[in-house]
Amino acid sequence: MALNGMQIYKLLPRKNCKECGFPTCLAFAMKLAQGGTEAEKCPYMSEEAKAQLAEATAPPMKTVKFGRGDTEYTLGGETVLFRHEKTFVNRPRFAILFSDTMTEDEIKTRIDHINAIDYTRINEEMYIEVGAFRCESQDKDKFTSLIKNVTESCPKIVPMIITENPEIAKAALDISAEKGPILFGATADNYEDMVKLAKENNLLLGVTADGKENLYELVQKIQNAGYKELLLDAKSRNLKGAFDDMVNIRRTALLSGDRTFGYPTAAFVCDMSTDKMMQLACASLFVEKYASIIVLSDMDYAMALPLFALRQNIYTDPQRPMRIEQDVYKIGPVDEESPLLVTVDFALTYFIVSGEVERSKVPAWILIPDAGGYSVLTAWAAGKFNAKSIAKALKEFDVENKVKTREMIIPGKVAVLKADIEDELPGWKVIVGPEEAAALPNFLKKYKEQ
Ligand code: SF4
């Protein structure tokens, strides 16, 4: 449980030496209790006090990792129940189910779907992160060959090994441990062997039990066995039950501060319905509340678009606008004569404008200056989108050597910037574009005909 300021104060050396940057030990303790500073700032604290404080000031929900290198992912670490309270920090990861009883055609279809999902949206690469391998045949060789086949065909996925048989788990780890898989299937009957395997390989361990009460007991046993890298599953395989599990586990951790349930959870959407649209709906729900690994039977490109966009929107800081990187973007096969448009770095604006430019079929450049992440009028009113910021971006991204027309199209809503920009950039002609992005296709076609 969290310590209050006075309890922390009693653990401090009480020298009042100010080396932590606070006037007294008490002031430091109060700030530490609020999470506004770190225990390491006091150089005189004993190791024992540091350990006590680390435990007491750790977030109520543990942060865990799986995968290795470029495909290492972080789960958990959430501190609020609702995104508007602060922000959610570690997005859930999508997994596609593979069973060793599936036909070759079914396996191939899922592999093809995984490989087709690979695109960038607002500076984030979107792809399936996890392959969930469920051993149903109880045949070690069949299971390991499935994992080998799929992971070779989909190099980006991290395996999630689903079996309650420690011998089969060990065989699967022999061929996949270097990828940092999730070992899923610790139960009341096998947990000692599964903990041993997870410890040896430094893996995230999936703990599964029938119902929250049994799960709670099992987690306590595993914690007592000295392992705390856990992913929880209370085994409800219907929407209502799983939703109840997710919410109660998260509320127990965050509101009651009970760290036995302070771990991320998995949702097996693949077992809730065979209907693709129903799985999409369930997965959307668990993105919001509160799964960290969401296992679907399959996900084609059309399903991925709304799911990944939803995840990105939920797992961004609501107090910070979504921005795209400042740059000069190419829409289509541009050349030196292609039109140059300028707009702001607010992600939504950029996507609307670039979508309309694509629709026009007129290849164009879009210059994005630093506009504070605001929409056009807000950025202009805040003094963030002006002649100076546009001129700075033009130089920074070497636009003068890329575009020879010496013309730039600005949003109609900030027509007032025309004179300022022409003063700031001698030799450039500013053309006032339409007020609404929807009018861009016609505008660009006419512009090219001139
Ligand atoms: Fe107290 Fe440590 Fe800060 Fe010194 S550095 S004032 S001992 S908390």
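Residues numbered from 1 in each chain as written. Predicted model: local features only at pLDDT ≥ 70, side-chain atom pairs only at ≥ 80, totals over all residues. Heavy atoms only, no water.

**Remarks on the sheet that holds strand 10 (residues 230-233)**
Then, in step 1: Overall, parallel pairing links the eight strands, which are arranged 10-9-8-7-6-3-12-11 in an open sheet. The outermost strands of the open sheet, each flanked by one partner alone, are strand 10 and strand 11 (266-268). Within the sheet, the average angular offset between the axes of one strand and its neighbour, ignoring direction, is 25°.
Then, in step 2: Two strands pair when backbone bridges link them, and strand 11 and strand 12 (residues 293-296) are joined in this way by three bridges, in the parallel orientation. (Pairing = 2+ DSSP bridges. Helix = DSSP H or I, 4+ residues; strand = E, 2+ residues; numbered from the N terminus. Axes fitted to C-alpha atoms, helices over the stretch in contact; angles between N-to-C directions.)

**Brief notes about the domain arrangement of the chain**
Often the size quoted for an interface is simply the accessible area lost on bringing the parts together.
Then, in step 1: On domain assignment, one finds that the chain holds domain 1 (5-57), domain 2 (63-314) and domain 3 (327-449).
Then, in step 2: A separation of 37 Å is found between the C-alpha centroids of domain 1 and domain 2. (Domains from an automatic or database assignment.)

**Some words on the layout of surface pockets**
Then, in step 1: Size it by volume and the largest pocket reaches roughly 370 Å³.
Then, in step 2: As for the largest pocket, its lining consists of 22 residues, of which Thr349, Val353, Val376, Glu435 and Ala437 are closest to the centre.
Then, in step 3: For the lining of the largest pocket, the element with the most residues is helix 12 (residues 347-360), which contributes four residues.
Then, in step 4: Of the residues that constitute the lining of the largest pocket, the class distribution is 14 nonpolar, five polar and three charged. (1 Å grid on protein atoms, 1.4 Å probe; cavity = no way out; pocket = protein on both sides within 12 Å on 5 of 7 lines; lining within 4 Å. Points joined across faces, edges and corners; volume = space filled by probe spheres on them. Nonpolar A, V, L, I, M, F, W, Y, C, P; charged D, E, K, R; others polar.)

**Notes on the packing of aromatic side chains**
Then, in step 1: Counted under the stated rule, the structure contains 12 aromatic pairs.
Then, in step 2: Summarising the aromatic geometry, the rings of Phe88 and Tyr315 are spaced 5.5 Å apart at their centres and angled 40° between planes, so their arrangement reads as tilted. Note that Phe88 is positioned in the loop between strand 2 (73-76) and strand 3 (93-99) and Tyr315 in the loop between helix 11 (301-314) and strand 13 (327-331), a separation of 227 residues in sequence.
Then, in step 3: The class of Phe88 is buried, set by a relative accessible area of 5%.
Then, in step 4: Note on Tyr329 and Tyr350: the rings are 5.0 Å apart at their centroids and 50° apart in plane angle, and the pair reads as tilted. With Tyr329 in strand 13 and Tyr350 in helix 12, this pair connects stretches of sequence that are 21 residues apart.
Then, in step 5: These aromatic residues form a ring-pair network of at least three members: Phe94, Tyr119, Tyr301 and Phe308.
Then, in step 6: In this structure, Arg14 packs its charged tip against the face of Tyr9, placed 5.3 Å from the ring centre. (Phe/Tyr/Trp six-rings, centres within 6.5 Å; stacked < 30°, edge-to-face > 60°. Buried < 20%, exposed > 50% of the residue type's maximum accessible area, 1.4 Å probe, protein only. Lys NZ or Arg CZ within 6 Å of the ring centre and 35° of its normal.)

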